[in-house]
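As a plain string of letters, each chain reads:
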Amino acid sequence: MAAREHEVPFNPDFSRYDPTTVYGRARNFYDIFSPMNLLASDKDLLAAKNTLEEFKAGRLDGQLTQRELWRLNNLVQSSFHPDTGELIPRMFRMSAFVPINVPIALGMITSAPTLTNIIFWQWINQTYNSAVNYANRNASTSMSDTQRTVSYLAASITSVAVAVGLNRVSDNARFKSQLLKTAMKTVTPYTAVASAGALNVLLMRYSEATQGVDVRNSDGTLVGKSAAAGVKALSEVTLTRVALPVPVLLFPPIILGALTALHPPFAVRSLARTVTELTVIAGCLRFALPAAIGLFPQTGTIASSSLEPELRSLAKGPKVFYNKGL
C-alpha cells in the first residue's frame, strides 16, 4: 500500500489522498501534523517553499521524485499559514501539538490534585490551546492587540472555569446509584475537556463569525467577506474540538486497566506507569488530532445562495470556497 501511495503524481493544488472522504483527509493531515516536520529549520522550510514554486513554474520537471515533492509539500503545509504565507510560530504549529501536550499531561498526571495545581495546569493547557487556535485561524479577518488580549483572557478563564468546575461538581456529588456515579465519573472528564476546547476556539476566533471570512470563486477570484461562511467555518472547527478528546479519554484508561490486570503492581504510581501513561496519551493524540481535524475539508464550501445578498451576484457558480482554518 505504501508503495502505491508514493507513486501518486504530485499536484500542489490537490491532496495526496482523497479529500472527499474523512479517511483521506485524516491520512493527509497525519503526514502534515508529523512532529518530524518540526526538525526542519526555517532555512529548510523556505527552501522547500521556493522549490515548490519552481515546480509550479515548470522549471523542475524530472529533477525530483514524486515522493520528494510530496515530502516538501508536507513541510510547507505544516509550517506556512495558507492565508498569509508566513511561517507559523514553531510551538503553535499542529505538528507541535503532540510534543507540547506531553509535558502538559505530565504536569497534570504527577501533580498533587489540589485545587491550585488543577487550576494551574488547566490554565497552562488552555493558554496553549488559545495560541494554537489563534495561530491556525482564518487570517483574512484581522484582530487588534486589544481584541486578542480580551479573547485570550475570556477563552482561558472561561475554559478553565468550565473544566475545573465540572470535575469538582462530579467529585463532590453524592449519588444513591453506583451506576449513576460511575456514569458521571466517565462522562464528566469528556464533557469538561470538550466544552473547554469548544469555548476556547469560539472565543479566540469569534471575529470570523462577526466580521466574516474571505470567500472565493473556483478560479480563486475574491468574492468578498462573508459572515455566513465565517459561522460555518467556526462551527466546523468547534465540532473538531468536541471530537478530539474522545479517543484520548477513551483508550488510555482501557489500555492502562488491561496492563494493571496483567500486572497488579502497575496500579501504583511509578516511573514506569507514568512513562507508559504518557506514551499511550501521546499515541492517542497522534492519531486523534488528524482524525478530528479531518472531519471537515480544509477548504470549505458554502452555497452561493447562502451568502449575504450583496455577495450573491459576485459568485460565479453554485458555491464559493473559504479557508476553514485548523
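Presented here is an overview of the structure given in this document.

Rules used throughout
- Residues numbered from 1 in each chain as written.
- Predicted model: local features only at pLDDT ≥ 70, side-chain atom pairs only at ≥ 80, totals over all residues.
- Heavy atoms only, no water.
- Helix = DSSP H or I, 4+ residues; strand = E, 2+ residues; numbered from the N terminus.
- Buried < 20%, exposed > 50% of the residue type's maximum accessible area, 1.4 Å probe, protein only.
- Areas by Shrake-Rupley, 256 points an atom, 1.4 Å probe, with all protein chains shown as cover.
- Lys, Arg positive; Asp, Glu negative; His and termini not counted.
- Charge placed at Lys NZ, Arg CZ, Asp CG, Glu CD.
- Core = buried A, V, L, I, M, F, W, Y, C linked by side-chain atoms within 4.5 Å.
- Salt bridge = Lys/Arg side-chain N within 4 Å of Asp/Glu carboxyl O.
- Contact = heavy atoms within 4.5 Å.
- Patch = residues over 30% accessible without salt bridge, like charges linked within 9 Å, V, L, I, M, F, W, Y side chains within 5 Å.
- Phe/Tyr/Trp six-rings, centres within 6.5 Å; stacked < 30°, edge-to-face > 60°.

## Some details on the overall build of the protein chain
Phase 1 of the analysis: Within the protein chain, the regular secondary structure consists of 13 helices and four strands.
Phase 2 of the analysis: Looking at the protein chain as a whole, 41% of its 326 residues are labelled buried.
Phase 3 of the analysis: Accessible area of the protein chain: about 16,800 Å², with a carbon and sulfur share of 65%.
Phase 4 of the analysis: Each charge class in the protein chain can be summarised by its mean position, and for the 31 positive and 22 negative side chains these summaries are 10 Å apart.

## Points about the nonpolar core
The nonpolar side chains of a soluble globular protein tend to be buried with one another.
Phase 1 of the analysis: Counting 26 residues, the largest nonpolar core has F33, M94, L289 and I293 as its most contacted members.
Phase 2 of the analysis: Among the elements of the structure, helix 2 (22-32), helix 5 (97-110), helix 6 (115-135) and helix 12 (271-293) are those that each provide at least two residues to this core.
Phase 3 of the analysis: One finds A40, L45, L52 and L60 within the second-largest nonpolar core, a separate group that totals 13 residues.

## Some remarks on the side chain of R241
Phase 1 of the analysis: Tracing the chain through its elements places R241 in helix 10 (residues 227-243).
Phase 2 of the analysis: No salt bridge is formed by the buried R241; the nearest opposite charge belongs to E208, separated by 9.3 Å.
Phase 3 of the analysis: The residues contacting R241, other than those within four sequence positions of it, are M94, N133, A194, G197, A198, V201, I293 and L326.

## Examining helix 2
Phase 1 of the analysis: Among the residues of helix 2, G24, R25, A26, N28, F29, D31 and I32 are the ones counted as buried.
Phase 2 of the analysis: For helix 2, the secondary structure elements touched by its buried residues are helix 4 (66-79) and helix 12.

## Examining a nonpolar patch on the surface
Phase 1 of the analysis: On the surface, V246, L250, F251, I254, I255, L259 and L262 cluster together into a nonpolar patch covering about 630 Å² of accessible area.
Phase 2 of the analysis: Mapped onto the fold, I254 is located in helix 11 (residues 245-262).

## What about the pattern of salt bridges?
Phase 1 of the analysis: Inspection of the entire model under this criterion finds 10 salt bridges.
Phase 2 of the analysis: The closest approach of N and O atoms between R93 and D42, which form a salt bridge, is 4.0 Å. Taken as a pair, R93 in the loop between helix 4 and helix 5 and D42 in helix 3 (residues 42-56) lie far apart in primary sequence, 51 residues in all.
Phase 3 of the analysis: Under the relative-accessibility criterion, R93 is labelled buried at 2%.
Phase 4 of the analysis: A salt bridge links K316 to D219, with the nearest nitrogen and oxygen atoms 3.8 Å apart. Highlighted residues: K316 in the loop between helix 13 (309-312) and strand 4 (319-323) and D219 in the loop between strand 1 (213-216) and strand 2 (222-226), separated in sequence by 97 residues. Here K316 matches D219 in class, with each residue exposed.
Phase 5 of the analysis: Taken together, the shared-partner salt bridges connect D42, R90 and R93 into one network.

## What about the packing of aromatic side chains?
Phase 1 of the analysis: With the rule as written, the count across this model stands at eight aromatic pairs.
Phase 2 of the analysis: Taking the centre distance of 5.2 Å and the plane angle of 65 degrees together, the rings of F10 and F55 count as edge-to-face. A residue pair is termed long-range when its members are at least 10 positions apart, and F10 in the loop between helix 1 (2-6) and helix 2 and F55 in helix 3 qualify at 45 residues.
Phase 3 of the analysis: Here F10 falls in the buried class, since its relative accessible area comes to 7%.
Phase 4 of the analysis: Seen from their ring centres, F10 and W70 are 4.9 Å apart, and the 80 degrees between their planes marks the pair as edge-to-face. Residue F10 is located in the loop between helix 1 and helix 2, and its partner W70 is located in helix 4; the two are separated by 60 residues in the primary sequence. For the residue pair F10 and W70, the accessibility class agrees, reading buried in each case.

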